[in-house]
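Tertiary structure, described
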Amino acid sequence: MKELVKKLTEAYGPSGFEAQVRAIITAEVKGLADEVRTDGMGNLFALKKGRDSSHRALVAAHMDEIGVMVTHVDKDGFARFTRIGGVRPLGLPGARVVFANGLMGSIGLEKLEDRTKIPDLDKMFIDVGAKDKESCPVKVGDAATFWQPFAAQHGRWIAKAFDDRIGCAVLIETLRTMPQPAYDTYFVFTAQEEVGVRGATVAAFGVEPDYAIAVDVTPTGDTPESHPMNVGIGKGPAIKVMDRGMIVHQGLKDWMIRTAEEVGIPYQLEVLEFGSTDAMAMQTTKEGVPAGVLSIPTRHVHSPSEMVDEGDVQNSVKLLAALLSRPVSLE
Ligand code: CO
Ligand code: ZN
């Protein structure tokens, strides 16, 4: 699974530019699913037929990652940029970004008037080493992501874009290892989550599932002076109760907890005071869909070097497989 995670996290795929990630995932799921298709938003669907085809389950993980987009190239060939999704200025100066064609850029910083204030993106620029505007290979509208190689050491993994390629990896691995699911199950790899759960909005509308689960990362409260939070890495997958975008269906949440306990998988309960996931869009589609979230605890979310625990990832696969292989209980 490590090789798959390396391939997925190192791939290029800011919101709206998911094609390279979609190609990797398509190659992985082709031989595993009964049907593979895409839609007009760029979502990728892999259907696995269930024992009972009168019900549908939907599990989703988003393919896109945060990034930056070029807004202007000056006469000397330096590119100004804006954010795609929740990019924080603190991690940017000195970071390396990569464009769709593999071109690298270094993020530079203007001379600062006030060194006590965190500069915003308008004080920064991407330097691709161009000599002037005319010969600059980067154009307005080009998008880039952080460039960082995957690393694994003593059971912890470090990479960019665990949000949410680790969710994509969990879905693929579940599809690969699980027995036949209880219901017709749509493994959906969504587009444009980081800019407002846009892919999941139409995916859930199209599938009309009986229940839906998003698999995504959650920040943790286990680093120095972090915002207090009851989630840490290495303590098992987190079952979401609430975030800023949704309150999880009570019956579905209780069923997820019961299943984890029956299968003997450690779990944590997640109450997140900011952010949300695809489940927020899935919950409010059509007449409303019972929706929940299986979260992979992740440190340093939205930084160029996020961190997860390998055991949490393995247990997330086990929990998702256990959930999908049994009839849902929403009591
Ligand atoms: Co995110
Ligand atoms: Zn995410």
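Described below are features of the structure shown in this document. (Residues numbered from 1 in each chain as written. Chains lettered and ligands numbered in written order. Predicted model: local features only at pLDDT ≥ 70, side-chain atom pairs only at ≥ 80, totals over all residues. Heavy atoms only, no water.)

Glancing now at the coordination of the cobalt ion (ligand 1). Protein-derived ligands of the cobalt ion (ligand 1) are Asp163 (OD), Glu194 (OE), Glu194 (OE) and His302 (NE2), with the metal-ligand distances lying across 1.8 to 2.6 Å. Considering all four donor atoms around the cobalt ion (ligand 1), the spread of angles at the metal, 55 to 146°, places the coordination shape in the irregular class. In this structure, the cobalt ion (ligand 1) is positioned 3.4 Å from the zinc ion (ligand 2), and both are ligated by Asp163. Of this pair, Asp163 sits in helix α3 (residues 162-177) while His302 sits in the loop between β16 (291-297) and β17 (306-309), placing them 139 residues apart in sequence. For the residue pair Asp163 and His302, the accessibility class agrees, reading buried in each case. (Donors = N, O, S within 2.8 Å, 3.2 Å for Na, K, Ca; no water. Tetrahedral: all angles 85-135°; square planar, octahedral: opposite > 155°, others 65-115°. Helix = DSSP H or I, 4+ residues; strand = E, 2+ residues; numbered from the N terminus. Buried < 20%, exposed > 50% of the residue type's maximum accessible area, 1.4 Å probe, protein only.)

The next point concerns the side chain of Thr259. Among the secondary structure elements, Thr259 is positioned in helix α5 (residues 250-263). Overall, the relative accessible area of 1% leaves Thr259 in the buried class. Once residues within four sequence positions are removed from consideration, Thr259 is found in contact with Leu319, Ala322, Leu323 and Arg326. (Contact = heavy atoms within 4.5 Å.)

Below, the discussion takes up the coordination of the zinc ion (ligand 2). In an ideal octahedron of six donors the angles at the metal are 90 or 180 degrees, and in an ideal tetrahedron of four donors they are 109.5 degrees. Taken together, the protein donors to the zinc ion (ligand 2) comprise His62 (NE2), Asp163 (OD), Asp216 (OD) and Asp216 (OD), at separations of 1.9 to 2.6 Å. Angles of 52 to 147° at the metal separate the four donor atoms of the zinc ion (ligand 2), which places the site in the irregular class. Mapping the donors of the zinc ion (ligand 2) onto the primary sequence yields the spacing H-x100-D-x52-D. For Asp163, a relative accessible area of 7% gives the class buried. Relative accessible area serves as the criterion here: at 4%, Asp216 is assigned to the buried category.

Of the two faces of β17, both are covered, the one formed by Glu306 and Val308 as well as the one formed by Met307 and Asp309. Where strand β11 (residues 156-159) lies against β17, four bridges are found, and the strand directions are antiparallel. Bridge assignment links Trp157 to a residue of β17, and that residue is Val308. (Pairing = 2+ DSSP bridges.)

In this section: the environment of Leu109. Mapped onto the fold, Leu109 is located in strand β7 (residues 104-109). Sequence separation between Leu109 and Leu47 is 62 residues; the distance between their C-alpha atoms is 47 Å. Filtering out sequence-adjacent residues up to four positions away, Leu109 remains in contact with Pro93, Pro119, Lys123, Met124 and Phe125.

With that out of the way, let us pick up the sheet that holds strand β2 (residues 44-48). The sheet built from eight strands is open, its strands ordered β1-β2-β12-β3-β13-β16-β14-β15 with mixed pairing. The strands lining the two open edges of the sheet, one partner per strand, are β1 (35-38) and β15 (268-271). Here the strands of the sheet are splayed against their neighbours by 25° on average, with no regard to which way each runs. As paired elements, strand β14 (residues 238-242) and β15 share four bridges and run parallel to each other. Residue pairing for β15: Ala238 is matched across the bridge by Gln268. Together, β1, β2 and β12 (183-190) form the strand contacts of helix α2 (residues 19-29), whose direction differs from that of β2 by roughly 15°. Against the sheet, helix α7 (residues 310-325) engages β3 (52-62), β12, β13 (211-218), β14 and β16, with an angle of about 160° to β16. (Axes fitted to C-alpha atoms, helices over the stretch in contact; angles between N-to-C directions.)

Strand-to-strand pairing in sheets goes through backbone hydrogen bonds, with the strands running parallel or antiparallel. With antiparallel pairing, the three strands of this open sheet are ordered in space as β10-β11-β17. The sheet is open, and its two borders are formed by β10 (151-153) and β17, each paired with just one other strand. Averaged over all neighbouring strand pairs, the angle between strand axes comes to 20°, with direction disregarded.

Moving on: the packing of aromatic side chains. Where two aromatic rings form a pair, the distance of their centres and the angle of their planes describe that pair. One pass over the full model with this rule turns up four aromatic pairs. For the pair Phe78 and Phe125, a centre-to-centre distance of 5.3 Å together with 70° between the ring planes defines the contact as edge-to-face. Residue Phe78 is found in the loop between β4 (67-73) and β5 (79-84), and its partner Phe125 is found in strand β8 (residues 124-127); the two are separated by 47 residues along the sequence. Pairing Tyr183 with Tyr211 gives two aromatic rings, centres 6.4 Å apart and planes at 75°, and the pair type is edge-to-face. In this pair, Tyr183 is assigned in strand β12 and Tyr211 in strand β13, connecting sequence segments 28 residues apart. Judged by relative accessible area, which is 0%, Tyr211 ranks as buried. (Phe/Tyr/Trp six-rings, centres within 6.5 Å; stacked < 30°, edge-to-face > 60°.)

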